[in-house]
Amino acid sequence: MASISIRHIYKIYPGNVAAVKDCNLEITDKEFVVLVGPSGCGKSTTLRMIAGLEEISKGELYIGDKLVNDVPPKDRDIAMVFQSYALYPHMSVYKNMAFALELRKMPKSEIDKRVMAAAKILDIEHLLKRRPKALSGGQRQRVALGRAMVRNPAVFLLDEPLSNLDAKLRASMRTQLIKLHKQLETTFVYVTHDQTEAMTMGDRIVVMSEAVVQQVDTPQKLYDSPCNIFVAGFIGSPQMNFMDAVLKKDEKGYYLEVNGDSLYIPAEKAVGELKQYADRAVKMGIRPEDIYDDERFIKSNPDSIIQTTVDVREMMGNEVYLYLKYGDSTLTARVAPTTVSRIGDNIKTGLDMNKIHLFDADTEEAIV
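Below, the structure is looked at part by part. (Residues numbered from 1 in each chain as written. Predicted model: local features only at pLDDT ≥ 70, side-chain atom pairs only at ≥ 80, totals over all residues. Heavy atoms only, no water.)

Quick look at helix 4 (residues 137-149) now. Over its 13 residues, helix 4 extends 18 Å from the first C-alpha to the last, a length consistent with the 18 Å expected when each residue adds 1.5 Å. For helix 4, the buried fraction is high: 11 of the 13 residues fall into the buried class. Where helix 4 is concerned, the buried positions are Gly 138, Gln 139, Gln 141, Arg 142, Val 143, Ala 144, Leu 145, Gly 146, Arg 147, Ala 148 and Met 149. Next to the buried residues of helix 4 lie strand 6 (78-81), helix 2 (93-103), helix 3 (108-122), strand 7 (155-159) and helix 5 (167-184). (Helix = DSSP H or I, 4+ residues; strand = E, 2+ residues; numbered from the N terminus. Expected span 1.5 Å × (residues − 1). Buried < 20%, exposed > 50% of the residue type's maximum accessible area, 1.4 Å probe, protein only. Contact = heavy atoms within 4.5 Å.)

Moving on to empty space enclosed by the protein. Taken as a whole, this structure holds 1 cavity of 30 Å³ or more when the rule is applied. Taken as a whole, the largest cavity spans an internal volume of roughly 30 Å³. Around the largest cavity sit Ile 6, Ile 9, Thr 46, Met 49, Ile 50 and Leu 61, which together line it. Secondary-structure elements contributing two or more residues to the lining of the largest cavity are strand 1 (4-13) and helix 1 (43-51). Take the lining of the largest cavity: its biggest share by element is 3 residues, from helix 1. Among the residues making up the lining of the largest cavity, the classes are represented as 5 nonpolar, 1 polar and no charged. (1 Å grid on protein atoms, 1.4 Å probe; cavity = no way out; pocket = protein on both sides within 12 Å on 5 of 7 lines; lining within 4 Å. Points joined across faces, edges and corners; volume = space filled by probe spheres on them. Nonpolar A, V, L, I, M, F, W, Y, C, P; charged D, E, K, R; others polar.)

In the contact formed by helix 4 and helix 5, the axes pass within 11 Å of each other and the chain directions differ by 20°. Our classification of the angle between helix 4 and helix 5 gives roughly parallel. Of the two elements, helix 4 crosses helix 5, and the hand of that crossing is right-handed. The segment helix 4 lies against helix 5, with Gly 137, Gly 138, Gln 141, Arg 142, Leu 145 and Met 149 engaging Leu 169, Met 173, Gln 176, Leu 177, Leu 180 and Leu 184. Looking at side-chain class alone, the contact of helix 4 with helix 5 contains 7 nonpolar, 4 polar and 1 charged residues. (Axes fitted to C-alpha atoms, helices over the stretch in contact; angles between N-to-C directions. Parallel < 35°, antiparallel > 145°, perpendicular 65-115°, else oblique. Left-handed = near helix turned anticlockwise from the far one by under 90°.)

Strand order across the open sheet formed by 5 strands is 15-19-16-17-18, with antiparallel pairing between neighbours. What marks the edges here is a single partner per strand, and that holds for strand 15 (291-292) and strand 18 (329-335). Of the strand pairs in this sheet, strand 16 (residues 305-315) and strand 19 (residues 346-351) are connected by 5 bridges, and their pairing is antiparallel. Counted as the bridge partner of Ile 305 is Gly 350 from strand 19. (Pairing = 2+ DSSP bridges.)

Let us look at the packing of helix 2 against helix 3. Pairs of packed helices are described in terms of their axes, by the angle between the two and the distance that separates them. Packing of helix 2 against helix 3 brings their axes to within 10 Å, and their N-to-C directions diverge by 135°. In terms of orientation, helix 2 lies oblique with respect to helix 3. Where helix 2 crosses over helix 3, the two elements pack in a sense that is right-handed. Across the interface between the two elements, Tyr 94, Met 97, Ala 98, Leu 101 and Glu 102 from helix 2 touch Ile 111, Asp 112, Arg 114, Val 115, Met 116, Ala 118 and Ala 119 from helix 3.

A sheet is described by the order of its strands in space; here 4 strands give the open sequence 2-1-4-5, paired in antiparallel fashion. Each edge of the open sheet carries a strand with a single partner, namely strand 2 (17-27) and strand 5 (66-67). Of the strand pairs in this sheet, strand 1 and strand 4 (residues 58-63) are connected by 5 bridges, and their pairing is antiparallel. Looking at strand 4, one finds that Tyr 10 is bridged to Lys 58. Along the sheet, helix 1 contacts strand 1, strand 2 and strand 4; its crossing angle with strand 1, the most-contacted strand, is approximately 115°.

A word on the pairing of strand 3 (residues 32-36). Counting buried positions along strand 3 yields 5 of 5 residues, so the element is predominantly enclosed. Burial along strand 3 is two-sided: Phe 32, Val 34 and Val 36 facing one way and Val 33 and Leu 35 facing the other are all buried. Pairing between strand 3 and strand 8 (residues 187-192): 5 bridges, direction parallel. Bridging across to strand 8, Val 34 finds its partner in Tyr 190.

None of the figures reported here should be taken as evidence of function without further support.
Take a look at the structure:
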């Protein structure tokens, strides 16, 4: 049993500096959970409290059914993989992987069995006699994973393990980690500041900001239904566009007044909660892929058209990013590579109003 239960946990440093505030999280057995957020949000501190490397100021932490607040790291049945790999430079790969087992006085035959099994899974059998300085970054990372694997821990804790690798190798290692999780059938808790890593790897994602958990959900639900402006802007690349708007209503229904334009909200999206926001300022969010510059969309959506100017055009191969000036706002549109829009063009731009997000201008919490 390798579930983790975090109940009202705080980490407060001297000077009353709160690194983590009232964190509540239930991680089920064999789940892959990713903690994501900007630097300084508390994600690594949370991971280190699970590991026992940081003392819990307040609250309770359970691994399985056992309260582990005062249990030392070596007795928590966890293994941690760090950003820096932390390999012993004077030891071979084999010795690096076997060292922790040797300290436990494990029989040599069992150590050899575990090291060879882990090396086979990670495809590093041919590297066992080398020392870390003779390895590439990706190979060192796999050795660090192997060193954790041989202990057969109940929980793997990974603190930004791919951040030192180049983009191509990171993509490859992401795939390997997903496969590894399925093979080992063990609980993984993974920390990253990279939302792409979080979206591609996690069964569930924990989004943190300013020491507080903002939202916990599956990648798709986080993307489709962010609970506030921070989550909406953090998840997704390029990030969501935001505009100041005023919510209005006439005989046709609810609409948003933005830069003098009236953008009508489809009836199925205009739920009852909107009533209390009539004639009030709101924040409107729309993702880049929901902004169009093609004639077919513009002709079929006359109530959601705005006039914009193309400021920057980025060719990405299979898509084009258009950076558009619209009043005081700058919008990013993700359009087809066949687009005819060029820098300096004044173009009609269509917004998919079925895909908009509305937020309270004061609390920044989601309305729709």
